[in-house]
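Okay, here's what each chain looks like letter by letter:
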Amino acid sequence: MSVVPIPKPYAERPPFRGGPPTRTTFDGTPPDDPEPEWKKLADDVHRLLRTVERVSNDRLETLLSLLQQRRRWVSRELDAMRLFSVMPLPPVDGLALEFLLESESEAETQCVRLINQLDAAIETVKGKLWTLNGPISTSDS
């Protein structure tokens, strides 16, 4: 004779209060507002920038090419943002200071900041390479 557990009524099943969960915090569906591309690119650039100080000397050339590649990507993203943004025309009676100093969007500001950080990292890596390899000699003979 086999022993089969007797099913319990709903009220006696765990969890005892409220029943089984009807929804979870992660259901696998994509969110309504996906993360913008420039934020994904910024995360990628920040991950790469964290490796600049701890990279080994034999990987400096690879790091330099990756930094230059990311700089091109951010620059192209910034160009696309500026291409599709609606910019007001300058005043007819000359350029006012307020027109020149208008604030950019958060995305443009972040992209400009990323380009500046990448430029600094590129110069750092070039300096390390110059220290390792020495100046490139250009002899006429």
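The following paragraphs examine the structure supplied in this document. None of these values were measured; they are calculated from a predicted model.

Counting its regular elements, the chain contains four helices and zero strands. When the helices and strands of the chain are read in sequence order from the N terminus, they spell out α-α-α-α.

Taking 1.5 Å as the rise per residue, helix α2 (residues 60-84) with 25 residues should run 36 Å; its terminal C-alpha atoms sit 36 Å apart, in good agreement. Those residues of α2 that fall on the buried side of the exposure criterion are L60, L63, L64, L67, R70, V74, L78 and M81. Buried-residue contacts for α2 involve α1 (37-49) and α4 (106-133).

This part takes up the nonpolar core. Formed by 23 residues in total, the largest nonpolar core has its most connected members in L67, V74 and V125. Of all the secondary structure elements, the ones that give two or more residues to this core are α1, α2 and α4. Here the element with the most residues in this core is α4; it accounts for nine residues. Other than its neighbours up to four places away in sequence, L67 contacts L48, L49, V52, L118, A121, I122 and V125.

Attention now goes to the packing of α2 against α4. Running from N to C, α2 and α4 point in directions that differ by 160°, and their axes come no closer than 9 Å. The angle between α2 and α4 places the two elements in the roughly antiparallel class. For the pair α2 and α4, the crossing hand works out as left-handed. Class assignment for the residues of the contact of α2 with α4 results in 18 nonpolar, three polar and nine charged.

Reading guide: rules and limits
- Residues numbered from 1 in each chain as written.
- Predicted model: local features only at pLDDT ≥ 70, side-chain atom pairs only at ≥ 80, totals over all residues.
- Heavy atoms only, no water.
- Helix = DSSP H or I, 4+ residues; strand = E, 2+ residues; numbered from the N terminus.
- Expected span 1.5 Å × (residues − 1).
- Buried < 20%, exposed > 50% of the residue type's maximum accessible area, 1.4 Å probe, protein only.
- Contact = heavy atoms within 4.5 Å.
- Core = buried A, V, L, I, M, F, W, Y, C linked by side-chain atoms within 4.5 Å.
- Axes fitted to C-alpha atoms, helices over the stretch in contact; angles between N-to-C directions.
- Parallel < 35°, antiparallel > 145°, perpendicular 65-115°, else oblique.
- Left-handed = near helix turned anticlockwise from the far one by under 90°.
- Nonpolar A, V, L, I, M, F, W, Y, C, P; charged D, E, K, R; others polar.

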